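Here is what each chain is made of, one letter per residue.
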Amino acid sequence: MHYKLIFILIICGYSLVGQETKIEWSPDYQITIEDFKGPKSKINQIGSSVYVQSGVSMELAVQMSNFEFMFTKNFNSKITCTFQKDAATLIAPDSIRAVQLANLVQYDFDLSELYTRKIRKELFENKKTFSNVTFFQPYFDKMIAERNKVSSKIYADTDFGTNTALLEKEHKEVLKEIDLLSDYCKACKPPKKKN
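The rules behind these values
Residues numbered from 1 in each chain as written. Predicted model: local features only at pLDDT ≥ 70, side-chain atom pairs only at ≥ 80, totals over all residues. Heavy atoms only, no water. Salt bridge = Lys/Arg side-chain N within 4 Å of Asp/Glu carboxyl O. Helix = DSSP H or I, 4+ residues; strand = E, 2+ residues; numbered from the N terminus. Buried < 20%, exposed > 50% of the residue type's maximum accessible area, 1.4 Å probe, protein only. Expected span 1.5 Å × (residues − 1). Arc of directions from axis to C-beta.

Observations concerning the pattern of salt bridges
Should their charged atoms come close, side chains of opposite charge can pair.
Moving on, step 1. What the rule picks out here adds up to 14 salt bridges.
Moving on, step 2. Ionic pairing is found between lysine 142 and glutamate 122, a salt bridge with its closest N-O pair at 3.8 Å. Linking lysine 142 in helix α4 (residues 136-157) with glutamate 122 in helix α3 (residues 95-126), this pair joins segments that are 20 residues apart in sequence.
Moving on, step 3. Close ionic contact of lysine 169 with glutamate 170 constitutes a salt bridge, the shortest N to O distance being 3.9 Å.
Moving on, step 4. We classify lysine 169 as exposed; its relative accessible area is 52%.
Moving on, step 5. By relative accessible area, which is 23% here, glutamate 170 ends up partly exposed.

Some words on α4
Moving on, step 1. End to end, α4 covers 32 Å across 22 residues, agreeing with the expected 32 Å (1.5 Å per residue, within 8%).
Moving on, step 2. All buried positions along α4 are accounted for by Phe136, Phe140, Met143, Arg147, Ser151, Ile154 and Tyr155. End-on, the buried residues of α4 take up no more than an arc of 105°, which puts them together on one face. Away from the buried face of α4 by more than 90 degrees, exposed residues Pro138, Lys149 and Ala156 are located.
Moving on, step 3. Aspartate 159 sits one or two residues past α4 and shows a positive phi near 50°.

What to know about the environment of serine 49
Moving on, step 1. Mapped onto the secondary structure, serine 49 falls in the loop between β2 (42-43) and β3 (51-53).
Moving on, step 2. For serine 49 and alanine 92, which are 43 residues apart along the polypeptide, the C-alpha to C-alpha distance reads 6.0 Å.

In short, geometric facts, not functional conclusions.
What follows is the structure, encoded as structure tokens:
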């Protein structure tokens, strides 16, 4: 009995140490400087280098038979917006600049969730009973390109997050749009179309 208890404690300890570094988008999750676990991340008073890699991605995972696919209309649970701590890298000369970069990545994470919801909405509205799996691609490609364009503009317009007032304003707009697409959260069921 004593050995079983020790074994259970060791397993629990390993599971705590190896916690998941991939975070699914949630309205309550706030990215912090400590979340940037990329191997090159550092805050260094000596240098003046500034670099950020967001670690944000949008993933489409559809694994179902052709029969299931034919009769599935709601793909909300199949498209996910995530933040990968191990892929997120931040290099900043000081903690003030690091916080600005973290806020920029939070904006990017929320922007990606907005476009994830837009993809879910497009798929829901355009999926026909006899559509094949390739019907996803044009919608996915269109939304990814649009998201990347908006993201690049904000990175440039805010000078990589140093224009905090503009970043905050744009971030609030993204959060409002996310709320408007509340039917397209990952766990939500979109309303049926009214004829």
